[in-house]
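Remarks on the overall topology
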Amino acid sequence: MRLGVNIDHVATVRNARGGAHPDPVRAAEAALAAGADGIVAHLREDRRHIRDADAELLAERFRDRLNFEMAATDEMVRIAQRLRPRAACLVPERRQELTTEGGLDAARLYDRLAPVVDALRARDIRVSLFIEADERQVNAAELLGAQAVELHTGVWCEAAADEKHHRRADKLLGRLREAAAEAGRRGLEVHAGHGLDYRTAGAVAAIPEVLELNIGHFVIGEAVFVGLGEAITRMKSAMLAGRGL
Ligand code: PXP
């Protein structure tokens, strides 16, 4: 089971002061040295954290470990085709949102997504679609020819954080399990991400089809207290423990 570390918020902190520190490329290097299996970076339309120059350097230095999160726009497709990261994850993007708020409606956006998936695959980029845990979306991802789906765990994580919502949390975790099993049956690789912390990462790691977790905000936040390397070590331990390993 792999851990992808999303370094967007290292760039958020850097951009708060407009200088060069802390450097997301240095964070990527440190994350990989500490045992992260991959690096995730989201080049947003408004460039609020990762910028073009970061994406260039990340691709140059860590192409084989880079999962490039992107909206399915012509501009991002052109950039991904040039950078040729190992993987790309297609996400919905709204300018006003604080973070990616939900999965891509792959079923409704089929015609828009089909040429994007083809263009990326033609460059040997492994394509995953960030979707809700819903059979319709898994079905659309398969028909589109994506190699992987990343199941959106954000809503479940919010429910799981509050004891009052434990019933809802159980139901949402059940949906994640069912969607993972369905994706696995269809031969899609299953990833999961958004809002995960040590506890929720452990719980989702227990789902046997899940092969990759992509985690940013919590790990970067924890790095303030324990250092990036230690936060990654603890996260990997939580994942292994959840998996029963
Ligand atoms: N996966 C996807 C598709 C995302 O958009 C994000 C947030 O950028 C993450 C994973 C990581 O989420 P978080 O920062 O909450 O760990």
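For the structure itself, look to the data block above.
Residues numbered from 1 in each chain as written. Predicted model: local features only at pLDDT ≥ 70, side-chain atom pairs only at ≥ 80, totals over all residues. Heavy atoms only, no water.

Moving on, we get to helix α3 (residues 52–62). Buried residues of α3: Asp54, Ala55, Leu58, Ala59 and Phe62, and no others. Down the axis, α3 shows its buried residues gathered within 130° of arc, on one side only. Opposite its buried face, α3 presents the exposed residues Ala53 and Glu60, each directed more than 90 degrees away. (Buried < 20%, exposed > 50% of the residue type's maximum accessible area, 1.4 Å probe, protein only. Helix = DSSP H or I, 4+ residues; strand = E, 2+ residues; numbered from the N terminus. Arc of directions from axis to C-beta.)

For the rest of this paragraph, the subject is the sheet that holds strand β7 (residues 189–193). Remark on secondary structure: sheet strands pair via backbone hydrogen bonds, oriented parallel or antiparallel. Spatially, β1-β2-β3-β4-β5-β6-β7-β8 is the arrangement adopted by the eight strands of the closed barrel, whose pairing is parallel. With strand direction ignored, the average angle separating the axes of adjacent strands in the sheet is 25°. By the bridge criterion, four bridges tie strand β1 (residues 2–6) to strand β8 (residues 210–215) in an arrangement that is parallel. Bridging across to β8, Gly4 finds its partner in Asn214. (Pairing = 2+ DSSP bridges. Axes fitted to C-alpha atoms, helices over the stretch in contact; angles between N-to-C directions.)

As for its placement among the helices and strands, Ala205 is situated in helix α9 (residues 198–205). Taking relative accessible area as the criterion, Ala205 reaches 0% and is therefore assigned buried. Separated by 37 residues in sequence, Ala205 and Gly242 place their C-alpha atoms 5.4 Å apart. Not counting residues up to four positions away in its chain, the partners in contact with Ala205 are Met1, Met239, Gly242 and Arg243. (Contact = heavy atoms within 4.5 Å.)

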